[in-house]
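Observations on chain architecture
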Amino acid sequence: MTARTLTLFLTGLLLAGCMTAPSGPSPPAGVAAVARDRVYLTLPTPPGYPGEREMAQSIVAAYGPRKVAFDALVSLSPARVSIIVTAPAGPRVAQIDWDEAGVRTQTDGPPPAGFRAENVLADMVMSNWPRPALVKALAGRLEVWDYPDGHRKLVRGNELVVDIPPAVREADGSSRRTLTNHDFGYSLTIISREAGA
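Below: a short report on this structure. Note that the structure is predicted; figures quoted are calculated from it, not measured.

What follows covers the overall build of the protein chain. Within the protein chain one finds 3 helices and 13 strands. A sequence separation of at least 24 residues applies to 49% of the contacts in the protein chain between residues at least 6 apart. For the protein chain, the exposed area adds up to about 9500 Å²; of that, 56% sits on carbon and sulfur atoms.

Going from Thr 45 to Pro 46, the amide bond is cis rather than trans, its omega being -5°. Its place among the elements puts Pro 46 in the loop between strand E2 (39-42) and strand E3 (53-63). Although it is not a glycine, Asp 37 sits at a positive phi angle of roughly 60°. Relative to the helices and strands, Asp 37 resides in the loop between strand E1 (31-35) and E2.

Tallied over the entire structure, the rule returns 2 aromatic pairs. Where Tyr 49 meets Trp 129, the ring centres are 5.0 Å apart and the plane angle is 65°; that geometry is what we call edge-to-face. Taken as a pair, Tyr 49 in the loop between E2 and E3 and Trp 129 in the loop between helix H2 (117-128) and helix H3 (131-138) lie far apart in primary sequence, 80 residues in all. Each of the two residues, Tyr 49 as well as Trp 129, counts as buried. Relative to Trp 129, the ring of Trp 98 lies with its centre 5.6 Å away and its plane at 20°, an arrangement referred to as stacked.

What counts as what
Along each chain, numbering runs from 1 in the same order as the chain's sequence is written. Residues qualify for local features only when their pLDDT is at least 70, as the model is predicted, and side-chain atom pairs are given and counted only at 80 or more; totals for whole chains, interfaces and linings, by contrast, use all residues. Heavy atoms throughout the structure, all of them, feed into the side-chain values; hydrogens and water do not. Elements are defined by DSSP. Helices are runs of H or I of four residues or more, strands are runs of E of two residues or more, and each kind is numbered from the N terminus. We call two residues contacting when some pair of their heavy atoms lies within 4.5 Å. Computed with the Shrake-Rupley method and a 1.4 Å probe, the accessible areas treat only the protein chains shown as cover for residues. Two rings belonging to Phe, Tyr or Trp (six-membered ring only in the last case) form a pair when the distance between their centres is within 6.5 Å. Interplanar angles under 30 degrees mark stacking, angles over 60 mark edge-to-face geometry, and anything in between is tilted. Per-residue accessibility, obtained with a 1.4 Å probe over protein chains only, is compared with the maximum for each type, and a residue is labelled buried under 20%, exposed over 50%, and partly exposed between these values.

This is the structure:
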């Protein structure tokens, strides 16, 4: 992948990782905007994921008519989260590490203006972290409604802000889940395969 191609790919990745950014100044390190009116999610340190999990993911991000696809190798644990982002079946583009020291990002090439790992991590927290941890990270800015079937909704009053239906198990053993952020007008379709599956 040439430097120009990599820059174009990272610009596409900007849709997935930074589409949650509102206009105006960026939130501080370790914080991501997840809805309009300065609704922020503060990433806990350490991450506090309950258990250990490794998976390969294929993600399609849609922002209006624009779409971008990328792959990720994800490692989750109570002490550390690591995400290696690659072009579809291609070379590494970026690595995001999150632990008790905070969030660090290393990109292979220049990242696009405004790229923030915190936004990628916030989508992961909204989708995967237990309700008490998500409620704490949102600090009361949105209500978190979890349903017995695994459906999760983030709500402001009676307004649905983020919708995360339950994962659907595919015949090949992978699972498919979609996160839709109505405030910022984007969706992420995430296909996950557990390591060793």
